[in-house]
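# Descriptive analysis of the structure
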Amino acid sequence: MKLYISDLHFGHAQAIQFDQRPFVDRDEMDRVMIECWNFRVDTDDDVYIVGDFCFKCDRTPDWYLSRLKGHKHLVVGNHDKVTLDCREAAKYLESVDKMMHVTDAGKQICLCHYPIADWYGSWHGSWHIYGHIHGHKNDVYQFMNTREHALNASACINNYTPASISELIRNNKAFRERP
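Residues numbered from 1 in each chain as written. Predicted model: local features only at pLDDT ≥ 70, side-chain atom pairs only at ≥ 80, totals over all residues. Heavy atoms only, no water.

### Considerations on the overall build of the protein chain
Which entries qualify depends on this criterion: A run of H or I in DSSP counts as a helix once it spans at least four residues, and a run of E counts as a strand once it spans at least two, with each numbered from the N terminus. Three exposure classes are used, based on accessible area relative to the maximum for each residue type with a 1.4 Å probe and protein chains only: buried under 20%, partly exposed in between, and exposed over 50%.
Looking only at helices and strands, the protein chain has six helices and eight strands in total. Reading the protein chain from its N end, one meets helices and strands in the order β-α-α-β-α-β-α-β-β-β-β-α-β-α. Principal axes of the C-alpha set define a box for the protein chain whose edges measure 40 × 35 × 25 Å. Of all 179 residues assigned to the protein chain, the portion counted as buried reaches 52%.

### Some points on the pattern of salt bridges
So the rule is basically this: Note on definitions: salt bridges are taken to be side-chain nitrogens of Lys or Arg within 4 Å of carboxyl oxygens of Asp or Glu.
This structure, assessed with the given rule, holds nine salt bridges. Each of the salt bridges in this network shares a partner with another, and the network as a whole consists of Asp27, Asp30 and Arg59.

### What about the nonpolar core?
Selection criterion: Among buried residues, those of type Ala, Val, Leu, Ile, Met, Phe, Trp, Tyr and Cys that are joined through side-chain atoms within 4.5 Å constitute a nonpolar core. Contacts are assigned to residue pairs that have any heavy atoms within 4.5 Å of one another.
Judged by nonpolar contacts, the single largest core of 38 residues is most densely connected at Leu8, Phe10, Trp37 and Phe53. Elements with a contribution of two residues or more to this core: β1 (2–5), α2 (26–40), β2 (46–49), α3 (61–65), β6 (107–112) and α5 (139–144). Sequence-distant contacts of Phe53, that is, excluding residues within four places in its chain, are made with Leu8, His9, Phe10, Pro61, Tyr64, Leu65, Leu68, Leu74, Asp80 and Thr83. One finds Tyr4, Leu111, Trp127 and Ala153 within the second-largest nonpolar core, a separate group that totals 15 residues.

### Focus on the environment of Met100
Within the secondary structure, Met100 is located in strand β5 (residues 99–104). A residue is classified by how much of its surface remains accessible, and Met100, at 10% relative accessible area, is buried. The spacing of Met100 and Glu167 is 67 residues in sequence and 20 Å in space, taken between C-alpha atoms. Those residues within four positions of Met100 in sequence are excluded, and the remaining contacts are Tyr48, His73, Leu74, Val75, Ser95, Ile109, Cys110 and Leu111.

### Regarding the side chain of His134
Considering the arrangement of structural elements, one finds His134 in the loop between β7 (127–130) and α5. Judged by relative accessible area, His134 falls into the buried class, the value being 5%. If near-sequence neighbours (up to four positions away) are discounted, His134 is found in contact with Asp7, His9, Phe18, Asp19, Asn152, Ser154 and Cys156.

Set out below in structure tokens:
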């Protein structure tokens, strides 16, 4: 199975306030997100981390990666320098790239951390899974919301859990309907 998530920000205490995350502190956030990940992910699943894996953390990226099940693929985000600079982290990543294209459930999907207005195949029914804007309903969100096949994989709108394409569709719909 292919699963997707972005903007985990493991170890980043300020993400709790920034996203209004339901955690007391970064230790609780890290523990709960690792538990959510491992409850959802099987060892043979492919998980696409669509940017911003960890940031401003006391632990190294490989510490987190070693505790997470599945085959992990990193789509590089603006806060992934620490992960890219960690040689040990590479042992836990199947692939690393700025943009990836996958097929899932018969859908062609363009993965990029940043929301793209016109991605490869967008006029032919392909999908775009992105992150970066977290759960903010700003002008970028408003524009992306007009794109029928664009899905936000941000952890904060996907219950801090890697999600399948059908779960992303459902979670994005529910997020749109929230005030």
